Amino acid sequence: MLDTVSNRPDLPAEIARRRTFAIISHPDAGKTTLTEKFLLYGGAIQMAGQVRAKGEARRTRSDFMKMEQDRGISVSASAMSFDFRNFRFNLVDTPGHSDFSEDTYRTLTAVDAAVMVIDGAKGVESQTQKLFEVCRLRDLPILTFCNKMDRESRDTFDIIDEIQENLAIDVTPASWPIGVGRDFMGCYDMLRDRLELMDRADRNKVAESIEINGLDDPKLEQNVPAHLLSKLREEVEMARELLPALNPQAVLEGHMTPIWFGSAINSFGVKELMDGIGTYGPEPQPQKATPRQILPEETKVSGFVFKVQANMDPKHRDRVAFVRLASGHFNRGMKLTHVRSKKPMSITNPVLFLASDRELAEEAWAGDIIGIPNHGQLRIGDTLTEGEALKVTGIPSFAPELLQTVRAGDPLKSKHLEKALMQFAEEGAAKVFKPMIGSGFIVGVVGALQFEVLGSRIELEYGLPVRFEASQFTSARWVHGDKLAVDKLVNANKQHMAEDNDGDVVYLTRLQWDIDRIGRDYPDVTLSATKEMMV
Ligand code: G4P
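As a convention, each chain's residues are numbered from 1 in the sequence order in which they are written. Confidence filtering applies because this is a predicted model: local features only for residues at pLDDT of at least 70, side-chain atom pairs given and counted only at 80 or more, and all residues used for totals across whole chains, interfaces and linings. Only hydrogens and water are set aside when side-chain values are computed; all heavy atoms of the structure are taken into account.

## Observations concerning the overall build of the protein
Turning to step 1, where the next piece is worked out: On a plain count of helices and strands, the protein comes out with 16 helices and 33 strands.
Turning to step 2, where the next piece is worked out: Each residue is placed in one exposure class: buried if its accessible area under a 1.4 Å probe, protein chains only, is under 20% of its type's maximum, exposed if it is over 50%, and partly exposed if it falls in between. In the protein, buried positions account for 58% of the 535 residues.
Turning to step 3, where the next piece is worked out: When the accessible area of the protein is evaluated, it comes to approximately 22,600 Å², of which 50% is carbon and sulfur surface. For helices the rule is a DSSP run of H or I covering at least 4 residues; for strands it is a run of E covering at least 2, with both sets numbered from the N terminus onward. Here the Shrake-Rupley method, with its probe set to 1.4 Å, supplies the accessible areas, and only the displayed protein chains count as covering residues.

Set out below in structure tokens:
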């Protein structure tokens, strides 16, 4: 089973072996530690501890800012490629801060699956739940890793029940823990009938793996103390009776999640999880687009921008657009059409993100993430093709939930501020609205932390101290309708009207009542809380 690289033997082998996924978790559950072990087994780093700083940096706001200053770190960590057995894994990092943001949503548009990490003592926590809901919107397959089993953790059935109930997904145990806390000694691999034992003495040593023949195999008695073994036999028997068996199709459809138990810090259970991602995780999936969907095996190359990172090097105002390849076999130097502007672009210096550093990408396949340095032509949601006018869909822009007015500390610098704000808007870091009446800009975000990050980045990258002030508005809606109807609304409600950074008309609201009133008074226009990021 393990050598099966694809559920679709008709795919080109290079595409079939790709697994592009993200890790979702509540802060502190062990995402960084698990990522590090992935990279270690993927041969991308030599020693545990190299990505450690990142987890710590996330913990406090000031460290987070420092990390943001050091673009190198956060960028090379945005997408990482490494090989494991026959597979090529592309791990896309979800933003570390706990505020839900569009960034997170968009990151998840670039992956085919997610690994959900939960802490065995805490179960499903709030951030995990939120991120899970986002995955569900796209029916992403989810593989679960229950971490920190070396500590006192909850009863295994309780953990599984909680996931099934809170997340409304079937859970099937891929492994079953033997002992808990100080007694935890490893797992019984339910899928491959093996005993996996943890090495407590050496955290970086891969566990011992013993092939057995069912739960009555005498090898079990030689390796597992009697009291733990009787409990294991009893629990596994109950689990087989009460819990659904693994159904690979249900996993791929996002209705069932297999769960592995382990301890990332002790390198335990990680390889089994990686094998699981290879075996049960999906290969690159078809991409929704208009006027037709894109299949990964199409020979022509296409891809879409899901993230833009500006000012990676503050001296040059360069940007890197992160592109998920949707189809084909890409070669460096290819000419692709930028569908929005209909202009050709030579992709001469694309980068592939290997964990330690970025490297020039000579070639890449559907499923891979490449970085394309550019001067601002590439925006989130843009599609690149070999000429066909395809537009990838499903990358929405959300109405912000928090609005503030922003002003330059030095009023003479407001032109500079406008430039900085436009750049962040293109990057997707915030919404920027220019009110039709009055001066200044209104900035909208989804989570409060984003204001602080934005203020600090404007100061750092543009040398421009800014002030945020309360705004009378609380949200924004994009206005749609024929020109006459929209003009009528605009002319009668100037104090509410603004334009976003693409020049689209936006109605700024104070209360739900405002939205209801427009609905009543202007039946020919519609107000929407999302906008597809394409032109
Ligand atoms: P995050 O990225 O999800 O926020 O979590 P991270 O990996 O940074 O892990 C959070 C804490 O949990 C860290 O401890 C880490 O060492 C610990 N941890 C991760 N996996 C395991 C595990 O399997 N067992 C146990 N017992 N602990 C684990 P810390 O004290 O905050 O940091 P550090 O001092 O260990 O670096």
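That shown, we press on.
## Section: the sheet that holds strand β9 (residues 194-197)
Sheets are built from strands that pair by backbone hydrogen bonding, the pairs being arranged parallel or antiparallel.
Turning to step 1, where the next piece is worked out: With antiparallel pairing, four strands are arranged side by side in an open sheet as β7-β8-β9-β10. Only two strands of the sheet have a single neighbouring strand rather than two, namely β7 (175-178) and β10 (208-211). Direction aside, neighbouring strands of the sheet carry axes that sit 20° apart on average.
Turning to step 2, where the next piece is worked out: For two strands to be treated as a pair, DSSP must find no fewer than two bridges joining them. Taken together, the four bridges between β7 and strand β8 (residues 186-189) define a ladder with antiparallel strand orientation. Bridge assignment links S175 to a residue of β8, and that residue is D189. Helix axes are fitted to C-alpha atoms over the stretch in contact, other axes to C-alpha atoms as well, and angles between N-to-C directions run from 0 to 180 degrees.

## A few points about the nonpolar core
Turning to step 1, where the next piece is worked out: In this description, a nonpolar core means a group of buried Ala, Val, Leu, Ile, Met, Phe, Trp, Tyr and Cys residues linked to one another through side-chain atoms lying within 4.5 Å. If you look at the biggest cluster of nonpolar residues, it comprises 84 residues, and the most contacted ones within it are I163, W176, F330 and I370.
Turning to step 2, where the next piece is worked out: Structurally, this core is a two-domain feature, drawing no fewer than three residues from each of domain 1 (13-185 + 244-280) and domain 2 (289-392).
Turning to step 3, where the next piece is worked out: It only takes one pair of heavy atoms within 4.5 Å for two residues to be counted as in contact. Setting aside residues no more than four positions away along its own chain, F330 makes contact with V301, L325, L336, I347, P350, E362, E363, A364 and I370.
Turning to step 4, where the next piece is worked out: Ranked by size, the runner-up nonpolar core spans 26 residues in total, among them F84, F87, F89 and A264. The split into domains, and so the bounds of each, comes from an automatic or database assignment of domains.

## Some points on the sheet that holds strand β30 (residues 497-499)
Turning to step 1, where the next piece is worked out: Taken together, the eight strands give an open sheet; going across it, the order is β28-β25-β27-β26-β30-β31-β29-β32, and neighbouring strands pair in antiparallel fashion. Whereas interior strands pair on both sides, the edge strands pair on one side only; in this sheet they are β28 (466-470) and β32 (526-528). On average, each strand axis in the sheet is tilted by 40° relative to the strand beside it, whichever way the strands run.
Turning to step 2, where the next piece is worked out: Summarising the sheet, strand β25 (residues 402-408) and β28 pair through five bridges and their orientation is antiparallel. In the strand pairing of β28, V406 is matched with F468.

## Regarding the packing of helix α13 (residues 414-427) against helix α14 (residues 449-462)
Turning to step 1, where the next piece is worked out: The contact between α13 and α14 brings their axes to 11 Å, and the two run at 120°. In terms of axis orientation, α13 runs oblique to α14. Seen from above, α13 lies across α14 with right-handed handedness. Of the residues in α14, those touching α13 at L417, A420, L421, Q423, F424 and E427 are L454, R457, I458, E461 and Y462.
Turning to step 2, where the next piece is worked out: All amino acids are sorted into three groups, where Ala, Val, Leu, Ile, Met, Phe, Trp, Tyr, Cys and Pro are nonpolar, Asp, Glu, Lys and Arg are charged, and the leftover types, Gly among them, are polar. Of the residues contributing to the contact of α13 with α14, the split by class is seven nonpolar, one polar and three charged. Should an angle lie under 35 degrees it is considered roughly parallel, over 145 roughly antiparallel, and from 65 to 115 roughly perpendicular; all remaining angles are considered oblique. Note on convention: near helix rotated counterclockwise from far helix by under a right angle means a left-handed crossing. Clockwise means right-handed.

## What to know about the pattern of salt bridges
Oppositely charged side chains may form a pair once their charged atoms are brought near each other.
Turning to step 1, where the next piece is worked out: Each salt bridge in this description consists of a side-chain nitrogen of Lys or Arg and a carboxyl oxygen of Asp or Glu lying within 4 Å of one another. The final tally for this structure, using the stated rule, is 28 salt bridges.
Turning to step 2, where the next piece is worked out: With its nearest N and O atoms 2.7 Å apart, the salt bridge here joins R18 to E14.
Turning to step 3, where the next piece is worked out: Given the relative accessible area of 3%, R18 is considered buried.
Turning to step 4, where the next piece is worked out: Classification of E14 by relative accessible area gives partly exposed; the value is 27%.
Turning to step 5, where the next piece is worked out: When the shortest N-O distance is used, the salt bridge between E211 and R194 registers 3.7 Å. Within this pair, whereas E211 is found in strand β10, its partner R194 is found in strand β9, the two being separated by 17 residues in sequence.
Turning to step 6, where the next piece is worked out: Owing to a relative accessible area of 22%, R194 belongs among the partly exposed residues under this scheme.
Turning to step 7, where the next piece is worked out: Look at the salt bridges and you will find they share partners, linking E14, R17, R18, D83, R88 and D368 into a network.

## A closer look at helix α10 (residues 226-242)
Turning to step 1, where the next piece is worked out: Given the number of residues in a helix, its expected span is that number minus one, multiplied by 1.5 Å. Taking 1.5 Å per residue, 17 residues should reach 24 Å; α10 reaches 24 Å between its end C-alpha atoms and fits that length.
Turning to step 2, where the next piece is worked out: Among the residues making up α10, those that are buried are L228, L229, L232, E235, V236 and A239. For α10, the angular spread of the buried residues around the axis is 135°, confining them to a single face. Those residues of α10 that are exposed and aimed more than 90 degrees away from the buried face are A226, H227, E234, E237, E241 and L242.
Turning to step 3, where the next piece is worked out: Turning to α10, the residues buried within the fold contact α8 (156-167), β6 (170-173), β7, β8 and α9 (218-223). This arc is taken over the directions from the axis of the helix to the C-beta atoms.

## Considerations on unusual backbone geometry
When glycine is set aside, most residues are seen to have a negative phi, and most peptide bonds are trans.
Turning to step 1, where the next piece is worked out: Note the cis peptide between T290 and P291, where omega equals 0°.
Turning to step 2, where the next piece is worked out: The residue P291 is located in the loop between β12 (289-290) and β13 (302-310) in this model.
Turning to step 3, where the next piece is worked out: Here the phi dihedral of D28 falls at roughly 85°; this positive angle occurs in a residue that is not glycine.
Turning to step 4, where the next piece is worked out: Structurally, D28 is set in the loop between β1 (18-25) and α2 (31-41).
Turning to step 5, where the next piece is worked out: Positive phi values are uncommon outside glycine, yet A168 reaches one of about 50°.
Turning to step 6, where the next piece is worked out: If you trace the backbone, A168 turns up in the loop between α8 and β6.

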